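Residues per chain, in single letters:
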Amino acid sequence: MRSWLEVSLGRIRGNFAAVRGIVGPGVEVMPVVKADAYGHGALEVARVLEEDGAKWLAVSNAEEGVALRRAGMHARVLVMADFLPESRPALEEFGLTPVVHSLEDLQQVEVPYHLKIDSGMGRLGTRAAAEDIAKAVSANPATLEGVMTHFASSANFDSRQTEEQIEHFEHVLAALKASGHAPRYVHASSTNSIAYQRKGAWGNLVRPGHAIYGYVSAAKGAPKAQLEVQPALSWKATVLATNTVAAGARIGYGGIHTAERPMRIAVLAAGYADGIPHRLGNRGQVIVNGNFAPIVGAVSMDLTTIDVTDCPEVKVGDAVMLLGEEGGISINAQQMARMAGTISYSVLCGINPRVKRVYVD
Ligand SMILES: *Cc1c(COP(=O)(O)O)cnc(C)c1O
């Protein structure tokens, strides 16, 4: 294989259990498996989560929900960002639960739904006045099953944005209650609000994504994260060739690396088309037999060159690690993201489908 992921389903299970342990039995945990479970493989991940008792799964669009149903998933599925007219027949046919984002959409929903309030994120959700929201809910016979919002700055405890969002959300909830509406679920928290224990924002359902895959973002001014999770995937690539180059030789597109000494280069069978950030050219690193080896030269579409001068035993056919733990050292998606000037979410979701997913315990 050129390049592959080893996804530990045991770690996915462990991370799910850790989230459940933190929020306790009074709060339902709805793992987010959108974007192919952040690159981990939605069907395989959803299957073990369901086995371990997940009653709800969250996806982004109807197509992702339909794929879960076609694979035999029975959990409730919340479709968070797709109430497009063309998606509505599938939502109904496959028993998917829509999130409604506007009062106009609210007039058209005919199945039990969750209503999203924009409490300050400035993205999806209704920004209507609380009283108008309550009126619109009353005017529609479909069941308001959940009310939700999403935070913009949940890892930043130096900002008051989350408190302001919670205040707005509670104001809307109070108006709904005053009009006689008692939605079964109230939810606002993704990984950060769970890990950094904003218990006031948990409601009775939480929506962790990142944590399920083993990550919690670093926070500003926060108490230490209480949640212990472990990255569920490692990423490997095969050495296609090794070459010795003389001092002064240039490596790869643009000749952006010049060998300062005679160097041994290994060529890896993965590039930016596989999801290795192009920005890692001349600045990233990988793990070779338990040692760090720097990426030298530009990352190409299908190939990446690394300096293995100090790892003389590497040969064609060996596997090197792009993400993972080996010999007491590790590179995780957050570290790769930092080197590439991006975020771990983008690194994980950017791993191309052509990178084979292999499932391990
Ligand atoms: C993606 C998403 C989540 C999960 O966020 P994480 O930070 O990955 O835990 C939760 N809620 C909504 C609305 C989302 O879009």
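Above this text is the structure in question.
I will try to describe carefully the structure that is included in this document. The model shown is predicted, which means the values in this text are computed figures rather than measured ones. (Residues numbered from 1 in each chain as written. Predicted model: local features only at pLDDT ≥ 70, side-chain atom pairs only at ≥ 80, totals over all residues. Heavy atoms only, no water.)

## Notes on the sheet that holds strand E5 (residues 97-100)
Here is step 1: If you trace the eight strands from one edge of the open sheet to the other, you get E2-E9-E8-E7-E6-E5-E4-E3, paired in parallel fashion. Taken across any chain shown, the strands that pair with only one partner, and hence form the sheet edges, are strand E2 (28-29) and strand E3 (56-59).
Here is step 2: In this structure, strand E4 (residues 76-79) lies alongside E5, joined through two bridges in parallel fashion. Across the sheet, the residue bridging to Leu78 is Thr97, located in E5.
Here is step 3: The strands that helix H8 (residues 161-178) touches are strand E7 (144-148) and strand E8 (185-189); relative to E7, the one it contacts most, it runs at about 160 degrees. (Pairing = 2+ DSSP bridges. Helix = DSSP H or I, 4+ residues; strand = E, 2+ residues; numbered from the N terminus. Contact = heavy atoms within 4.5 Å. Axes fitted to C-alpha atoms, helices over the stretch in contact; angles between N-to-C directions.)

## Quick word on helix H3 (residues 42-51)
Here is step 1: Restricting attention to buried positions, one finds in H3 the residues Ala42, Val45, Ala46, Val48 and Leu49. Buried positions in H3, seen along its axis, are confined to an arc of 165 degrees and lie on one side of it.
Here is step 2: Looking at the packing, one finds that the buried side of H3 touches helix H1 (9-23), helix H2 (34-38), E3 and helix H4 (62-70).
Here is step 3: Directly beyond the C-terminal end of H3, a positive phi value near 105 degrees is found at Gly53. (Buried < 20%, exposed > 50% of the residue type's maximum accessible area, 1.4 Å probe, protein only. Arc of directions from axis to C-beta.)

## Quick word on the site of the ligand
Here is step 1: Taken together, the neighbourhood of the ligand is formed by 13 residues, with Lys34, Tyr38, Thr191, His210 and Tyr345 sitting nearest.
Here is step 2: Between the ligand and the protein, one listed contact pairs an oxygen atom with a side-chain N or O atom of Lys34 at 2.7 Å.
Here is step 3: His150 places a side-chain nitrogen or oxygen 3.5 Å from a nitrogen atom of the ligand.
Here is step 4: Considering the ligand on its own, with 390 Å² of exposed area, one finds that the protein chains cover 90% of that surface.
Here is step 5: The cavity that encloses the ligand is the largest pocket.
Here is step 6: Split by residue class, the shell around the ligand holds five nonpolar, five polar and three charged. (Near = heavy atom within 4 Å. Polar contact = N/O pair within 3.5 Å; in protein donor to acceptor, adjacent residues only side chain to side chain. Areas by Shrake-Rupley, 256 points an atom, 1.4 Å probe, with all protein chains shown as cover. 1 Å grid on protein atoms, 1.4 Å probe; cavity = no way out; pocket = protein on both sides within 12 Å on 5 of 7 lines; lining within 4 Å. Sits in = over half its atoms within 2 Å of the grid points. Nonpolar A, V, L, I, M, F, W, Y, C, P; charged D, E, K, R; others polar.)

## Some thoughts on the environment of Val216
Here is step 1: Structurally, the position occupied by Val216 is in the loop between strand E9 (205-206) and strand E10 (233-245).
Here is step 2: For Val216, a relative accessible area of 16% gives the class buried.
Here is step 3: Separated by 119 residues in the primary sequence, Val216 and Thr97 place their C-alpha atoms 27 Å from one another.
Here is step 4: For Val216, the residues in contact, after removing those within four places along its chain, are Thr191, Asn192, Ala195, Tyr196, His210, Ala225, Leu227, Val229 and Gln334.

## Structural notes on the pattern of salt bridges
Here is step 1: Enumeration according to the criterion identifies 16 salt bridges in this entry.
Here is step 2: Here Arg13 and Glu51 are joined by a salt bridge, their closest N and O atoms 2.9 Å apart. Taken as a pair, Arg13 in helix H1 and Glu51 in helix H3 lie far apart in primary sequence, 38 residues in all.
Here is step 3: Since its relative accessible area comes to 27%, Arg13 is described here as partly exposed. (Salt bridge = Lys/Arg side-chain N within 4 Å of Asp/Glu carboxyl O.)

## Topic: the packing of aromatic side chains
Here is step 1: The final tally for this structure, using the stated rule, is four aromatic pairs.
Here is step 2: Centroid distance Tyr38 to Tyr345: 6.0 Å. Interplanar angle 45 degrees. Geometry classified as tilted. Highlighted residues: Tyr38 in helix H2 and Tyr345 in helix H11 (residues 344-349), separated in sequence by 307 residues.
Here is step 3: The ring of Phe83 has Arg88 lying over it, and the distance from NZ or CZ to the ring centre is 4.0 Å.
Here is step 4: Directly above the aromatic system of Phe157 lies the positively charged group of Arg198, at a separation of 3.9 Å from the ring centroid. (Phe/Tyr/Trp six-rings, centres within 6.5 Å; stacked < 30°, edge-to-face > 60°. Lys NZ or Arg CZ within 6 Å of the ring centre and 35° of its normal.)

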